[in-house]
Amino acid sequence: MSVRLARAVRSWDWAAGCCRGASDYRLPPPGAVDVAELLRDATTAEEGPWEAAARRPPGQCSVLLFPGQGSQVVGMGRGLLHYPRVRELYAAARRVLGYDLLELSLHGPQEALDRTAHCQPAIFVASLAAVEKLHHLQPAVIENCVAAAGFSVGEFAALVFAGAMDFSEGLYAVKIRAEAMQEASEAVPSGMLSVLGRPQSKFTFACLEAREHCKTLGIENPVCEVANYLFPDCRVISGHLEALQFLQKNSSKYHFRRTKMLPVSGAFHTRLMEPALEPLAQVLEAVDIRKPLVSVHANVDGNRYMHPRHIQKLLVQQVVSPVKWEQTMHTLYERKKGTEFPKTFEVGPGKQLGAILKNCNLQAWKSYSNVEVLAADEAPESDQDS
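Basis of the calculations
Residues numbered from 1 in each chain as written. Predicted model: local features only at pLDDT ≥ 70, side-chain atom pairs only at ≥ 80, totals over all residues. Heavy atoms only, no water. Salt bridge = Lys/Arg side-chain N within 4 Å of Asp/Glu carboxyl O. Helix = DSSP H or I, 4+ residues; strand = E, 2+ residues; numbered from the N terminus. Buried < 20%, exposed > 50% of the residue type's maximum accessible area, 1.4 Å probe, protein only. Axes fitted to C-alpha atoms, helices over the stretch in contact; angles between N-to-C directions. Parallel < 35°, antiparallel > 145°, perpendicular 65-115°, else oblique. Left-handed = near helix turned anticlockwise from the far one by under 90°. Contact = heavy atoms within 4.5 Å. Nonpolar A, V, L, I, M, F, W, Y, C, P; charged D, E, K, R; others polar. Pairing = 2+ DSSP bridges. 1 Å grid on protein atoms, 1.4 Å probe; cavity = no way out; pocket = protein on both sides within 12 Å on 5 of 7 lines; lining within 4 Å. Points joined across faces, edges and corners; volume = space filled by probe spheres on them.

A. Geometry of the pattern of salt bridges. Overall, the coordinates contain ten salt bridges when judged by the stated rule. The shortest N-O distance in the salt bridge between Arg290 and Asp166 comes to 2.9 Å. Highlighted residues: Arg290 in the loop between α12 (277-286) and β7 (295-297) and Asp166 in the loop between α8 (154-161) and α9 (167-187), separated in sequence by 124 residues. Note on Asp166: relative accessible area 12%, which makes it buried. Residues joined in a network through salt bridges with shared partners are Asp166, Asp288 and Arg290.

Listed below in structure tokens is the structure:
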């Protein structure tokens, strides 16, 4: 297992590669620092991808979860800077992005950090920097990792961690994705609404009536649909702002317990993001994508990626498809009764994925920890309050 992961993170080639193909979205030129490999081989034996994992008791294995947009907060990254190579990671990001991401992450302002074009790269880099911290404090967690998953943009960080793409190329793809989604968001007043419902809540019917309401306002082809499946009776609905306002006003009719607008700029994971598809598809054509050396689960269907073309296809499809996170959690943690659960670590800002895991699988959550990215000297601790 450690050999496999050492190979994976060796592919965090921070020297940006050259563009392959005729894409208009060219990858950044060479010049980023050449950093020593994050992980060191713990054994010299050449093992197949899953042989070592099969021999390791489930309770000794680990799963890494990478958060998505909405988890950003000013100050994230401060608790990571004194760990090896984290400042170099942000320096490499500055060369790829063309602006000082570390300054924005540490000092904001929050309004600027919340912009889609900024927060997606910020979360991506902070999450991989959190992996550096986790490796420094608990190297066995990285060596014993058997699977990873990332929420929306977090899926890119999970794939870089797993060796499916290089850091600079992955970050550049996130940059193009974020800018294209920002532009699509500005074209139509839209957003995302977190909804905590009840067993009798009818999300599909509520969205239908919200769309009908929009039509009475003269909105053609209105959008209002489930964009994130979080845990039982909890969904995020994306669409035109008028539709989301209608749902908030009529929440009792649909048995919604609580609704809250999310700090994002558009109706992500719906067809309102279609203008972002072509830019992302073009840049992914130019990226050297490899088969993950750690199992990575896709947002689109919850299943693990099988080959590079599969990754390329689903990363594009994900932009206009619902994030099936609840289904992903069931796939990751399904096991026979009495079998131990792996240790789960949320790497990146916030503890939202831990809270979701608690509602999806309480037994799996009991082995959950988050890697703190705010406090300066705080080791990962179990989140007992989520």
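B. Region of the structure containing the packing of α8 against helix α13 (residues 308-318). Between α8 and α13, whose axes approach to 11 Å, the crossing angle comes to 160 degrees. In this view, α8 runs roughly antiparallel relative to α13, as classed from their interaxial angle. Where α8 crosses over α13, the handedness of that crossing is left-handed. Of the residues in α13, those in contact with Glu155, Phe156 and Leu159 of α8 are Ile311, Leu315 and Gln318. Among the residues forming the contact of α8 with α13, the class breakdown is four nonpolar, one polar and one charged.

C. View of the environment of Asp114. Locating Asp114 in the fold gives a position in helix α5 (residues 110-114). Overall, the relative accessible area of 22% leaves Asp114 in the partly exposed class. In the structure, Asp114 is positioned 149 residues away from Pro263 in sequence and 6.9 Å away in space, judged by C-alpha atoms.

D. Region of the structure containing the sheet that holds strand β5 (residues 234-240). In space, the five strands of this open sheet follow the order β6-β3-β5-β4-β8, with mixed pairing throughout. Both edges of this open sheet fall to β6 (258-261) and β8 (323-324), since each of them pairs with a single strand only. With seven bridges joining them, strand β3 (residues 190-196) and β5 adopt antiparallel strand pairing. Bridged to Met192 within β5 is Ser238. Packing of helix α14 (residues 325-333) onto the sheet brings it into contact with β4 (224-231), β5 and β8, and relative to β4 it is tilted by some 30 degrees.

E. The arrangement of the pairing of β5 in detail. Counting buried residues along β5, seven of its seven residues qualify, which places the element largely inside the surrounding structure. Bridge analysis of β4 against β5 gives six bridges, and the strand direction is antiparallel. By the bridge assignment, Tyr229 is partnered in β5 with Arg235. Hairpin connection, β4 to β5: the antiparallel pair is bridged by two residues, and Asp233 has positive phi, about 70 degrees.

F. Inspection of the layout of surface pockets at higher detail. For the largest pocket, the calculated volume is near 760 Å³. Around the largest pocket sit 31 residues that line it, and Ser194, Leu230, Val236, Leu262 and Gln352 are the ones nearest its centre. Elements with a minimum of two residues in the lining of the largest pocket: β3, β4, β5, β6 and α15 (352-360). The element best represented in the lining of the largest pocket is α15, accounting for five residues. Its residues assigned to classes, the lining of the largest pocket comprises 17 nonpolar, twelve polar and two charged.

G. Seen up close, unusual backbone geometry. Backbone torsion omega between Gly108 and Pro109 reads 10 degrees, so that peptide bond is classified as cis. Here Pro109 lies in the loop between α4 (101-107) and α5. Despite not being glycine, His269 shows a phi value in the positive range, around 65 degrees. With respect to the secondary-structure elements, His269 resides in the loop between β6 and α12. The buried category is assigned to His269, whose relative accessible area is 2%.

H. Quick look at the environment of Arg87. Tracing the backbone shows Arg87 in helix α3 (residues 86-97). Separated by ten residues in sequence, Arg87 and Gly77 have C-alpha atoms that sit 9.7 Å apart. Once residues lying within four places of it in the same chain are set aside, the contact partners of Arg87 are Leu81 and Leu102.

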